[in-house]
Amino acid sequence: MKRIFLFAITLFICSCGRNTVSKQNETPVNIKRILLMSRPDSVITQVSAIAFDIEYIPLQPSANTLIKAIDKIETRGNKIYINLIDNILCFDNQGHFLNKLYGIGKNENENVVAIYDFDIETSDTSLIVLYGNKILHFRNAGSGFDYIKTIKLGRLSPSNLDFVPGTNKILLSSIRKEGYEPSLNVLININGDTLSFKRNYFKRFNPVKSGIRNNIIHYQYDNKLYFRERFSDTIFSLDNESNDFTPELILDSHLSSTNSQNLNDPRYFKILPNVVKIFEVPRYLYYDYNCVQHHKVFYDKYEDRKYEIDPGNEGLKDDIGGGPDFDPIFCSEGNMYSWISVRELKKYAENDNFSRAQVQNIQKKKYLQALADSLKETDNFILIVLKLKD
């Protein structure tokens, strides 16, 4: 089987004995368009404006593993998977430790140094880890993870990977390193065979000269995988059957004036908004962008209205349970996630603002106080889960 390699000269990749083609559909005329930087209909300051509940889950310490940083959170049913960069831990939805990728049993690849990205198949039976220019494939055995194989990617070194929901296909996305990459997004199967790719229309962009990181955003919603490139207003999805890259939504920031010439002009680059997060749940599309100021916006799909977190605050005040401000960092299966260290929670609970806070759920506030009193500062983080309105 052919393996993935850098598209250095040609735009066609041989895979399974045939040419792989770019499969990007034309943007439909009636595609939904949201003005990225238009004024919000309302500025919000409290979690109850967009959520009906908030939970605080202490993550149980695991053998020889103390969480110092969280790089990614994914959930599958009642399981929570957390990437620590050098390992992946699995907890249940009450915070009880279940297992971890490395350090339990004898896995062939226990010497992984840095996990760039990871994903779990929708059925929770298969896990993939991006490690440099390799993908490590594991079977989820319930009590641990059994190593299956390594998929070598040659000279291609992606920064993101995700399963296409309900399939064994994987989307790989790369950042610009040299400025002339013909493609930044490649679809492969679990054997490493290339299925399709999306053309890069800004091949003359010089990332070294500009000093700008070219991030690509992935997110999953409603059994679809979506992605957005740094210099495109269009959000694409991947068709589960045809492997087509399909335009789904335009976050209109007037990037249509961008071309391969002005993209390398520092003066032009300074005026471009930089979208850093996109999440979607049944009611809301959330996006986080920088343009002079930091903006965090909930777009209500039902009411066609925009709610922006007050730019003067770091997050939303927890008026449900009285906890610390909530800043959306990750989203999985309809819930948003953040976290706080035990030390920070204890300091917060000792503050007079917490004791005087008027909340919707007094029992939740009492639980939070008891949690702060019972935990040691050396314990793992407390996961904060925001449950959004339907």
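Reading the values: rules and limits
- Residues numbered from 1 in each chain as written.
- Predicted model: local features only at pLDDT ≥ 70, side-chain atom pairs only at ≥ 80, totals over all residues.
- Heavy atoms only, no water.
- Pairing = 2+ DSSP bridges.
- Helix = DSSP H or I, 4+ residues; strand = E, 2+ residues; numbered from the N terminus.
- Axes fitted to C-alpha atoms, helices over the stretch in contact; angles between N-to-C directions.
- Buried < 20%, exposed > 50% of the residue type's maximum accessible area, 1.4 Å probe, protein only.
- Lys, Arg positive; Asp, Glu negative; His and termini not counted.
- Salt bridge = Lys/Arg side-chain N within 4 Å of Asp/Glu carboxyl O.
- Contact = heavy atoms within 4.5 Å.
- pLDDT = per-residue confidence, 0-100.
- Phe/Tyr/Trp six-rings, centres within 6.5 Å; stacked < 30°, edge-to-face > 60°.
- Lys NZ or Arg CZ within 6 Å of the ring centre and 35° of its normal.

(A) How the structure looks around the sheet that holds strand 14 (residues 160-163). The 4 strands lie next to each other as 14-15-16-17, forming an open sheet whose pairing is antiparallel. The open sheet has two edge strands with one neighbour each: strand 14 and strand 17 (194-199). Neighbouring strand axes in the sheet, compared pairwise and without regard to direction, differ in orientation by 20° on average. Pairing analysis gives 4 bridges linking strand 14 to strand 15 (residues 170-173), with the strands arranged antiparallel. What sits directly across from F163, in strand 15, is I170.

(B) The arrangement of the side chain of D319 in detail. Among the structural elements, D319 can be located in the loop between strand 25 (305-309) and strand 26 (330-332). For the buried residue D319, which engages in no salt bridge, the nearest side chain bearing the opposite charge is K317, 8.1 Å off. Setting aside its immediate chain neighbours within four residues, D319 contacts Q46, V47, S48, Q358, V359 and Q360.

(C) Structural context of the environment of N290. Structurally, the position occupied by N290 is in strand 23 (residues 284-291). Along the primary structure N290 and V276 are separated by 14 residues, whereas in three dimensions their C-alpha atoms are 7.7 Å apart. Here N290 is in contact with L272, P273, N274 and V276, once residues within four sequence places are set aside.

(D) Up close: the environment of D193. Note on placement: D193 falls in the loop between strand 16 (183-188) and strand 17. A relative accessible area of 1% places D193 in the buried class. In this structure the C-alpha to C-alpha distance between D193 and I151, which are 42 residues apart in sequence, comes to 9.7 Å.

(E) Here's a closer look at the environment of C331. Residue placement: C331 occurs in strand 26. Considering only alpha carbons, one finds C331 and L386, 55 residues apart in sequence, at a separation of 9.3 Å. Ignoring sequence-local partners within four residues, the contact set of C331 consists of F279, V281 and M336.

(F) The pairing of strand 14, seen in detail. Burial along strand 14 is two-sided: N160 and D162 and L161 and F163, pointing in opposite directions, are all buried. In this structure, the hairpin formed by strand 14 and strand 15 is closed by a connection of 6 residues, where G166 is found at a positive phi of approximately 80°.

(G) Region of the structure containing the confidence of the model for the protein chain. The predicted model of the protein chain has a mean per-residue pLDDT of 87, with 84% of residues at 70 or higher. Taken as a whole, residues 1-18 scores under 50 in pLDDT and shows 44 contacts with residues more than four places along the chain or in a different chain.

(H) Representation of the packing of aromatic side chains within the structure. The final tally for this structure, using the stated rule, is 14 aromatic pairs. Grouped by ring-pair contacts, the aromatic residues F279, Y284, Y286 and F298 constitute a single cluster. When the ring centre of F118 is taken as reference, the NZ or CZ atom of K72 above it lies at 5.3 Å. Cation over ring: K365 sits above F354, and NZ or CZ is 5.4 Å from the ring centre.

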